[in-house]
Amino acid sequence: MITAASTADSSTPTGALIFIAVLGIAAVGYGGRWAFDLRGAVGGPTTRRRAAPELKAQRTGNLGIADTDIVRPLFFRLLSSVIAAGGLVLLLAAAVLATA
C-alpha cells in the first residue's frame, strides 16, 4: 500500500475567504453608491416612480393620488449605509481569517 501526503490538505478555506471578500466588496460598492447618492442612485428611481401617479393626478384633478409616497429617499440612504457598513465588516472578517 502506497500512501502519499495529499497536496489538497489545507487549514485555510481559501474559496470561502474569497467569497466573503467579494461579497464585502460588492456590499461596500453598492451600499456606498446608494448611501452617498452617487450619480443619482436614489434620486433617479424615486422620481421615475413618482412620475406616473403625478401625471395621473394632473389628468384626473385629484391631487391626493400623487401624495401617497410612504418610503422616502432617506430610508434608502439609511438602509444602504447599513449595507455598506456590513460590507466593511465582511472585508475585515475575511482579512482577519486569512491572516489567522
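Worth saying up front: this structure is predicted, and the values here are computed from it rather than measured.

**Q** I'd like a rundown of the overall build of the chain, residues and numbers included.
**A** The helix and strand tally for the chain stands at three helices and zero strands. A total of 100 residues make up the chain; the buried ones form 16% of that total. Partitioning the intrachain contacts of the chain with sequence separation of at least 6 by distance along the chain shows that 69% fall at a separation of at least 24. A total of about 7,600 Å² of accessible surface is found on the chain, and carbon and sulfur atoms cover 69% of it.

**Q** Tell me about helix α3 (residues 73-99), residues and numbers included.
**A** Here α3 is 27 residues long and its end C-alpha atoms lie 39 Å apart, about the 39 Å a rise of 1.5 Å per residue gives. Buried within α3 are the following residues: S80, A84, G87 and A94. On its buried side, α3 packs onto α1 (14-35).

**Q** So, the confidence of the model for the chain: which residues are in play, and what are the values?
**A** Mean pLDDT over the chain stands at 83; residues scoring 70 or higher make up 84%. For the chain, the element scoring lowest by mean pLDDT is helix α2 (residues 43-60), at 81; α1 scores highest, at 93.

**Q** Account for the packing of aromatic side chains, naming residues and giving values.
**A** The full count for this structure, using the stated rule, is two aromatic pairs. Ring centres of W34 and F76 lie 6.2 Å apart, and the angle between their planes is 55 degrees; on these two criteria the pair is classed as tilted. Of this pair, W34 sits in helix α1 while F76 is found in helix α3, placing the two residues 42 residues apart along the sequence. Geometrically, the ring pair formed by F75 and F76 is edge-to-face, given 5.7 Å between the ring centres and 70 degrees between the ring planes.

**Q** Tell me about α1, and please be specific about residues and values.
**A** In this model, α1 (22 residues) spans 31 Å end to end at C-alpha, consistent with the 32 Å of a helix rising 1.5 Å per residue. Those residues of α1 that sit buried are L17, G24, A27, G31, G32 and A35. Buried positions in α1, seen along its axis, are confined to an arc of 110 degrees and lie on one side of it. Counted as exposed and oriented over 90 degrees from the buried face of α1: G15, I18, F19, I25 and Y30. Buried residues belonging to α1 abut α3. Downstream of α1 by one or two residues, D37 has phi in the positive range, about 55 degrees.

**Q** Run through the pattern of salt bridges, naming residues and quoting values.
**A** Applying the stated rule across the entire model yields one salt bridge. Across the salt bridge formed by R77 and D37, the nearest N and O atoms sit 3.9 Å from each other. A residue pair is termed long-range when its members are at least 10 positions apart, and R77 in helix α3 and D37 in the loop between α1 and α2 qualify at 40 residues. For R77, a relative accessible area of 33% puts it in the partly exposed group. For D37, a relative accessible area of 26% corresponds to the partly exposed category.

About the criteria used
- Residues numbered from 1 in each chain as written.
- Predicted model: local features only at pLDDT ≥ 70, side-chain atom pairs only at ≥ 80, totals over all residues.
- Heavy atoms only, no water.
- Helix = DSSP H or I, 4+ residues; strand = E, 2+ residues; numbered from the N terminus.
- Buried < 20%, exposed > 50% of the residue type's maximum accessible area, 1.4 Å probe, protein only.
- Contact = heavy atoms within 4.5 Å.
- Areas by Shrake-Rupley, 256 points an atom, 1.4 Å probe, with all protein chains shown as cover.
- Expected span 1.5 Å × (residues − 1).
- pLDDT = per-residue confidence, 0-100.
- Phe/Tyr/Trp six-rings, centres within 6.5 Å; stacked < 30°, edge-to-face > 60°.
- Arc of directions from axis to C-beta.
- Salt bridge = Lys/Arg side-chain N within 4 Å of Asp/Glu carboxyl O.

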